[in-house]
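Structural overview for review
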Amino acid sequence: MPELPEVETVRRSLAPIVGQTIEALDVRERRLRRRVTSDLSKRTIGQRIIRLDRCGKYLLIHLSSGDAVLAHLGMSGTFTIVPVSTPLEPHDHLRFLFTNGSALVFNDPRRFGLVLAGRPEAFEELAHMGPDPLSNEFSPALLRQMTRGRKRPVKNLLMDQRLVAGIGNIYANEILFEAGVRPSRQARNLRLAELDLLHTATRRVLAEAIATGGSSISDYRDGSGQPGYFQLRFRVYDRGGQPCLNCATLVRRAVHAGRSSFYCPKCQR
DNA sequence: CGCACCCCCTGCCGGC
DNA sequence: TGCCGGCAGGGGGTGC
């Protein structure tokens, strides 16, 4: 669920909290990917939210002090804006309470998510992150450079956040279908024309996914509670054994690096 | 360098 | 109907 398009959708949907001042932080559960410490309260209470950024799959909430809240949704995290009086739900771990009577709630059943505060330039999580695939920095030339001499399957490379930031298992599968390239292909063996197709496919698939509000597979929702619709446009993801939408050949499922890959053996070479 | 394998945790689904 | 194993979008660590 939360790959680049979902995080971007969440970022946009949280625009109403920009300008709000954090009056209190209600910590209900500290055991996230990293333990929530009192530092989060110290750095956020009394601060005004000035801007929301996204860095790969991370969300950055910039504060008037110059600090920022760094958040990652893991597999099951959501941020939702609600009235402060809204009853707590299971797995509501953090609530940022604003002076206008609204609250930003972080809910995460699996607790693989991350929320911490600090100087934005000092976040170790962002230190080795590759360029955003929708930025100009992610160019065909960079893709050639990234893949040169790499023996790894191209799908693993696409999902490596150090090389390009924000692509997870769903979109890696969809991008490779769009480009007509098999997930298992060694990156170094792709032809220049294929790399260019991959570059175009990456941007097209991610942009379309953002435009449809991301993918809602189980219960993903954006900050205002809206689901996404890109799951209705999956061409291969989770379609193992079903006919390819291009050629009716049965879509195959394979496991690479512990994650499911789906591909059409005829359309993807 | 790159992979397989393990962990973190809860929820859901299919099979029996 | 109910239990249980397997599997799931994330990242991180270890050992080969």
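The residue numbering used here restarts from 1 in each chain and proceeds along that chain's sequence as written. Whichever chain is written first is A, and whichever ligand is written first is 1; the rest continue in order. Local features are withheld for residues below a pLDDT of 70 in this predicted model, meaning they are given only at 70 or higher, and side-chain atom pairs are given and counted only at 80 or more; totals for whole chains, interfaces and linings count all residues. To get the side-chain values, take all heavy atoms of the structure and skip hydrogens and water.

**Things to note about the overall build of chain A**
Labels follow the DSSP assignment, with helices taken as runs of H or I lasting at least four residues and strands as runs of E lasting at least two, numbered in each case from the N terminus. Helices and strands together make up the secondary structure of chain A, namely seven helices and ten strands. The reference for a compact globule is 2.2 Å times residues^0.38; the radius of gyration itself is calculated from the C-alpha atoms. Taken over C-alpha atoms, the radius of gyration comes to 20 Å for chain A, in line with the 18 Å a tight globule of 269 residues would show. For chain A, the spread of C-alpha atoms along the principal axes amounts to about 55 × 35 × 30 Å. Type-normalised accessible area, obtained with a 1.4 Å probe on protein chains alone, sets the label of each residue: buried when under 20%, exposed when over 50%, and partly exposed for intermediate values. Per-residue burial over chain A gives 53% buried out of 269 residues. A contact between two residues is defined here by any heavy atoms of the two lying within 4.5 Å. Put simply, 63% of the contacts in chain A that link residues at least 6 apart link residues at least 24 apart. Surface exposure of chain A reaches about 12,200 Å², of which carbon and sulfur atoms provide 48%. Taken together, the 40 basic and 26 acidic charged side chains of chain A have centroids lying 8 Å from each other. Note that accessible areas follow from Shrake-Rupley with a 1.4 Å probe, and for residues the cover is restricted to the protein chains shown. Neither His nor the chain termini are counted; the positive set is Lys and Arg, and the negative set is Asp and Glu. By convention, the point assigned to a charge is CZ for Arg, NZ for Lys, CD for Glu and CG for Asp.

**Considering the pattern of salt bridges**
Pairing is possible between side chains that carry opposite charge, provided their charged atoms lie close to one another. Salt bridges, as used here, are contacts in which a Lys or Arg side-chain nitrogen is within 4 Å of a carboxyl oxygen on Asp or Glu. Under the definition given, this model contains 20 salt bridges. The salt bridge partner of Glu29 is Arg31, with a shortest N-O separation of 2.9 Å. Residue classification places Glu29 among the buried residues on the basis of a relative accessible area of 17%. The class of Arg31 is partly exposed, set by a relative accessible area of 46%. Salt bridges here are not isolated pairs; linked through shared partners, they connect Glu8, Arg11, Arg12, Arg54 and Asp132.

**Considerations on the sheet that holds strand S5 (residues 78–83)**
The criterion for strand pairing is that DSSP finds at least two bridges linking the strands in question. Overall, antiparallel pairing links the four strands, which are arranged S1-S6-S7-S5 in an open sheet. Of all the strands in the sheet, just strand S1 (22–27) and S5 have a single pairing partner and so form its edges. Looking at each pair of strands side by side, their axes are set apart by 20° on average, direction ignored. Across five bridges, strand S6 (residues 92–98) lies against strand S7 (residues 102–107) in antiparallel orientation. Looking at the pairing, Arg95 lines up with Val105 of S7. Only C-alpha atoms enter the line fits that serve as axes; for helices the fit covers just the stretch in contact. Angles between N-to-C directions range over 0 to 180 degrees.

**Remarks on helix H1 (residues 4–13)**
Most of H1 is tucked away: eight of the ten residues are buried. What H1 keeps buried is the set Leu4, Pro5, Glu6, Val7, Glu8, Thr9, Val10 and Ser13. Tucked inside the fold, the buried residues of H1 contact strand S2 (49–55), strand S3 (58–63), S5, helix H6 (169–179) and helix H7 (192–211).

**Concerning the protein's contact with DNA strand B**
Nearness is judged by heavy atoms alone; a residue qualifies as near a molecule or strand once a single heavy atom is within 4 Å of it. Around DNA strand B sit His91, Pro109, Arg110, Arg111, Phe112, Arg150, Arg152, Pro153, Asn156 and Ala257, and those are all the residues in its vicinity. Of all atoms in DNA strand B that approach within 4 Å of the protein, 72% are sugar or phosphate atoms. Pairs of N or O atoms within 3.5 Å make up the polar contacts considered here, provided that, within protein, one atom can donate a hydrogen while the other can accept it, and that residues adjacent in sequence are counted only when both atoms are side-chain atoms. With respect to DNA strand B, the side chain of Arg110 contributes an N or O atom lying 2.8 Å from a base oxygen. Contact distances for DNA strand B include 2.6 Å between a phosphate oxygen and a side-chain N or O atom of Arg150.

**Digging into the state of the cysteines**
Any two cysteine sulfur atoms lying within 2.5 Å of each other are counted as a disulfide. Considering all chains together, one arrives at zero disulfides under this definition. Free of any disulfide, Cys267 has its nearest neighbouring cysteine sulfur in Cys244, separated by 3.7 Å. Assessed through its relative accessible area of 25%, Cys267 is described here as partly exposed.

**Remarks on the domain arrangement of chain A**
Domain start and end points were adopted from an automatic or database domain assignment. Segmentation of chain A into domains returns domain 1 (4–126) and domain 2 (140–263). Its C-alpha centre places domain 1 at a distance of 28 Å from the equivalent point of domain 2. Across the contact, 15 residues belong to domain 1 and 17 residues belong to domain 2. The term buried area denotes the loss of accessible surface (1.4 Å probe radius) that occurs when two parts are joined, taken as the sum for both partners. Regarding the contact of domain 1 and domain 2, the summed buried area is about 1,300 Å², with carbon and sulfur atoms giving 64% of it.

**Quick word on unusual backbone geometry**
In this model, His91 sits at a positive phi of 75°, which is unusual for a non-glycine residue. Residue position: His91 is located in the loop between S5 and S6. A positive phi angle is found at Asp238, which is not glycine, with a value near 65°. Looking at the secondary structure, you find Asp238 in the loop between H7 and strand S9 (252–256).

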